[in-house]
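# Structure at a glance
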Amino acid sequence: MDKLSSLAKFTNTCPFLGRTKSSTLRTLCTSASPHFPSLTKLTEKATECPVMGPALAKRSGQMVAGYASVAGSVDVNKIHQDKGVVITSDDIGKCPHASKALAAARMAEELSAAKRRTDALKAAKLAHEPAPLKTSAAPPPGCPFHAAGAKSETPAVKTGGFDYEKFYASELQKKHDDKSYRYFNNINRLAAKFPVAHTANPKNEVEVWCANDYLGMGNNPIVLETMHRTLDKYGHGAGGTRNIAGNGSWHLNLEKELAALHRKPSALVFSSCYVANDAALATLGSKLPDAVYFSDSSNHASMIQGIRHSGAKKVIWKHNDLQDLENKLKAWPKEQPKIIAFESVYSMCGSVGPIKEICDLADKYGAITFLDEVHAVGLYGPRGAGVAEHLDYDAHKAAGQSPDPIPGTVMDRVDIISGTLGKAYGAVGGYVAGSAKFIDMIRSYAPGFIFTTSLPPVTVSGAHASIIYQKTFNGDRQLMQWNVREVKKRFADRGIPVVPGPSHIVPVLIGDAAQAKAASDYLLQNHSIYVQAINFPTVARGEERLRFTITPGHTLEQLEHVVAAVDDTFMSLGIKREADWQAVGGRCGVGSEVRESVTPVWNDAQLGLTEGHGATPRTRRSGEPRKVDAHAVNVARKQFVGLLGPVVEQEPFTLNFPKMRTGGAPVRPSVHMPLARSFAATA
């Protein structure tokens, strides 16, 4: 009864439906009530309405009366006998007519219970609130049926006290007024269908085009296999903080792996990279005497908060502007502690920080560097260590998996690197890597590390397996970058404005908050494509956008679909294209008179596009299974022999998902995924 399409015709007569956004109604229509499972949230909400409430109560009585004759097993069995129907079970639910009748009866009963609950809550509120003060204020806007009882629906405020609820409502209204209110779509990624997910309705599947699981490692078979084995042996939770019962071999081994990935002496794992940045920057800035932070103006909120929490002085320099940074560095004594905090890949615009040149300035003015590689680890470099590694691609490739630093390389010159396990590695968690003494100081002083439960072993093992696999296999990175190039080219051919950048991020400029939200909704409703609108404060006003992330799992057919769908969205909603931006002077690099020259971080040789540099990537076609690199699988499995024991080699690759059955041992059906013999076979 709560289908969104059938509600549209009532928006002019019902004030609630008229003022509630379609995305909110969609969520209410498709989400079950936490109190009454057979009802949606919208139905439960309707019981509060003076018009719909009594109507639903009346309808529930009719439904209960109509189905009363099939409410019990005796009645159902008698009907079966009278009609000559044979049911080989004592469960009346096996009868389709009876099961439907019982379901309807349950819904009717819960409708009645929901109405009673609403009435009871209203009565309790009226009984405990003081008599309302007389006022000459105008009647509140909204539903005319609620006007008379509006005061009873507003939380009581003690005379002279602060109206907290009014304050909350006022702050929320600001977000609605400037179109920056955040809407959270119900998206459930399907492991066997990556990058497809379902919405609140499991039958409603959509393509996901904005996930940060860039390489699809959240459903990689070796990752899931390792996690299943770890879960069976070690259970779920960690058991405590790292200092109290929550410090195991899994955590220590992962930190050793991360240190080796960045060729640093030590690393420390946190519950997220937001926490890692906040804790490390806050602790470092508070401990260094009279420290000064030099923060890029486009830094992530976690870095901004960490610097703020440190209490240290802060100087903000223009995004990626080396001259501005130098001018501000030279204003401070060389002997004064200084930290330059910046990112490698800026996730909302796709720009890349000038890491080498910033290291040069740090050396010149006595500063240390803090580099956030969150949107780069797993995606750049021959082993996935990030952009700092990628800048010396051949040297790091030649060094193989050695944990030793390579003097003179950009990654070796960076003092502190932070990264995440929750994006390209498909898990959750964050970390910092640096010198042994720096890491030990953070471990000893950072509240964000000390006073929180450590990550569960099952999560840590999955992240560790993912890192090993990606350190060993370069093919996923190459294919992802190839797909990114293809989508950017196809968007450009249709005049779809992409903010120029050398990274894998594909920001499509919309330039208006309401249009960005409308475009996201249109793609979801009309094309089953999910891409989130990005509005202020994440980006500046007037630079609102759709941020696309392309993976190696997207098929050629899906690439063609998304390009055509975005083209249709721009046409249907009248969104500015490249030429339109050019006519008004351009914005954030789109439509500028002087077109910015952008060189991708991954060059043709590194992608295998030139002769003698490996196989050319090829986008997967619909129906082709995702293939897994056999060598990387074996390397990962060997890493865990000590804790989990050996795995018997199988061909094709077999992944066992536990499936419990009542009164017996786990049943483990197998999922087969072909092993890749070379990158050519996986692309």
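Residues numbered from 1 in each chain as written. Predicted model: local features only at pLDDT ≥ 70, side-chain atom pairs only at ≥ 80, totals over all residues. Heavy atoms only, no water.

## Let's talk about the overall build of the protein
The helix and strand inventory of the protein stands at 28 helices and 18 strands. Per-residue burial over the protein gives 46% buried out of 683 residues. Taking as baseline every contact in the protein between residues at least 6 positions apart, the subset at least 24 positions apart corresponds to 69%. In the form shown here, the protein has an accessible surface area of approximately 32,900 Å², with 56% of it arising from carbon and sulfur atoms. (Helix = DSSP H or I, 4+ residues; strand = E, 2+ residues; numbered from the N terminus. Buried < 20%, exposed > 50% of the residue type's maximum accessible area, 1.4 Å probe, protein only. Contact = heavy atoms within 4.5 Å. Areas by Shrake-Rupley, 256 points an atom, 1.4 Å probe, with all protein chains shown as cover.)

## Re the side chain of His198
Within the element layout of this structure, His198 appears in strand β2 (residues 196-198). Exposure remark for His198: the relative accessible area of 15% places this residue in the buried category.

## What about the sheet that holds strand β14 (residues 545-548)?
Here we have 3 strands laid out as an open sheet, ordered β11-β14-β13, and antiparallel in their pairing. Bordering the open sheet on either side are β11 (506-509) and β13 (533-534), each of which pairs with just one other strand. Sheet topology note: the β13/β14 ladder contains 2 bridges and is antiparallel. What sits directly across from Ala533, in β14, is Leu546. (Pairing = 2+ DSSP bridges.)

## Remarks on the packing of aromatic side chains
Scanning the entire structure with this criterion turns up 10 aromatic pairs. For the pair Phe162 and Phe167, a centre-to-centre distance of 6.0 Å together with 55° between the ring planes defines the contact as tilted. Centroid distance Tyr234 to Trp250: 6.0 Å. Interplanar angle 85°. Geometry classified as edge-to-face. Here the residue Tyr234 occupies a position in helix α10 (residues 221-234), and Trp250 occupies one in helix α11 (residues 249-261), the gap between them amounting to 16 residues. (Phe/Tyr/Trp six-rings, centres within 6.5 Å; stacked < 30°, edge-to-face > 60°.)

## Re the nonpolar core
If you look at the biggest cluster of nonpolar residues, it comprises 67 residues, and the most contacted ones within it are Leu258, Ile340 and Ile355. Not counting the four nearest positions on each side in its chain, Ile340 is found in contact with Phe294, Trp317, Leu325, Leu329, Ile358, Ala362, Ala367, Ile368, Thr369 and Phe370. Counting 32 residues, the second largest nonpolar core, distinct from the first, contains Ala211, Val508, Ile510 and Ala516. (Core = buried A, V, L, I, M, F, W, Y, C linked by side-chain atoms within 4.5 Å.)

## As for unusual backbone geometry
Cis rather than trans, the peptide bond between Phe194 and Pro195 has omega equal to 5°. Looking at the element boundaries, Pro195 is found in the loop between β1 (188-189) and β2. Not every positive phi belongs to a glycine, and Asn320 is a case in point at roughly 60°. For Asn320, the position within the fold is in the loop between β6 (313-317) and α14 (322-329).

## A word on the packing of α11 against helix α21 (residues 457-472)
The N-to-C vectors of α11 and α21 enclose an angle of 25°; their axes lie 9 Å apart at closest approach. Overall, the two elements α11 and α21 adopt an arrangement that is roughly parallel. Handedness of the crossing formed by α11 with α21: left-handed. When α11 is examined against α21, the residues Trp250, His251, Asn253, Leu254, Glu257, Leu258, Ala260 and Leu261 are found in contact with a partner set consisting of Pro457, Val460, Ser461, His464, Ile467, Ile468 and Lys471. Tallied by class, the residues present in the contact of α11 with α21 amount to 9 nonpolar, 4 polar and 2 charged. (Axes fitted to C-alpha atoms, helices over the stretch in contact; angles between N-to-C directions. Parallel < 35°, antiparallel > 145°, perpendicular 65-115°, else oblique. Left-handed = near helix turned anticlockwise from the far one by under 90°. Nonpolar A, V, L, I, M, F, W, Y, C, P; charged D, E, K, R; others polar.)

## A short note on α14
Residues separated by three or four positions in an α-helix point in the same direction, a consequence of the helix having 3.6 residues per turn. Turning to α14, its buried residues are Asp324, Leu325, Glu326 and Leu329. Between the side-chain oxygen at the start of α14 and the backbone nitrogen of Gln323 there is a gap of 3.1 Å, and the oxygen is on Asp321. (Polar contact = N/O pair within 3.5 Å; in protein donor to acceptor, adjacent residues only side chain to side chain.)

## Examining the pairing of strand β10 (residues 430-434)
Within β10, 5 of the 5 residues are buried, which leaves the element mostly enclosed by the surrounding structure. Residues Gly430, Val432 and Gly434 of β10 are buried on one face, and the alternating residues Tyr431 and Ala433, pointing to the opposite face, are buried as well. Note that strand β4 (residues 266-270) and β10 share 5 bridges and pair antiparallel. The residue of β10 that forms the bridge with Val269 is Tyr431.

## Thoughts on the confidence of the model for the protein
Summing up the model confidence of the protein, the mean pLDDT is 84 and the portion of residues at 70 or higher is 79%. The model gives residues 144-152 a pLDDT under 50, and that stretch makes 15 contacts with residues more than four places away or in other chains. Counted against residues more than four places away or in other chains, residues 655-683, with its pLDDT under 50, gives 69 contacts. (pLDDT = per-residue confidence, 0-100.)

## A few points about the sheet that holds β4
The 7 strands lie next to each other as β4-β10-β9-β8-β7-β5-β6, forming an open sheet whose pairing is mixed. Sheet topology places β4 and β6 at the edges, where each strand pairs with a single neighbour. For this sheet, the mean inter-axis angle between neighbouring strands, taken without regard to orientation, is 20°. Sheet topology places strand β8 (residues 368-372) next to strand β9 (residues 416-420); 3 bridges connect them, and they run parallel. Bridging from a neighbouring strand, Phe370 pairs with Ile416 of β9. Contacting β5 (292-296), β6 and β7 (338-343), α14 crosses the sheet at an angle of about 150° to β6. Each of β4, β9 and β10 is contacted by helix α19 (residues 436-445), which is oriented at about 25° to β4, the strand it contacts most.

## What to know about the environment of Pro195
What makes Pro195 buried here is its relative accessible area of 5%. For the pair Pro195 and Gln558, spaced 363 residues apart in sequence, the C-alpha to C-alpha distance is 9.7 Å. Here Pro195 is in contact with Val206, Glu207, Val208, Gly553, His554 and Gln558, once residues within four sequence places are set aside.

## Notes on the pattern of salt bridges
Going through the model one piece at a time under the given rule, you end up with 27 salt bridges. Asp324 is the salt-bridge partner of Lys328, the closest N and O atoms lying 3.2 Å from each other. Taken together, the positions of Lys328 and Asp324, both in helix α14 and 4 residues apart, correspond to about one turn of that helix. Take Lys328: its relative accessible area is 26%, and that puts it in the partly exposed class. Exposure remark for Asp324: the relative accessible area of 12% places this residue in the buried category. Residues Glu624 and Arg618 are paired through a salt bridge, measuring 3.5 Å at the closest nitrogen-oxygen approach. A relative accessible area of 41% means that Arg618 is categorised as partly exposed. Look at the salt bridges and you will find they share partners, linking Lys356, Asp360, Asp363 and Arg413 into a network. (Salt bridge = Lys/Arg side-chain N within 4 Å of Asp/Glu carboxyl O.)

## Quick word on the side chain of Gln558
Mapped onto the elements of the fold, Gln558 is located in helix α24 (residues 556-573). By relative accessible area, which is 11% here, Gln558 ends up buried. There is a polar contact of 2.9 Å between the side chain of Gln558 and the backbone nitrogen of Thr555. Setting aside its immediate chain neighbours within four residues, Gln558 contacts Pro195, Val196, Glu207, Trp209 and Gly553.

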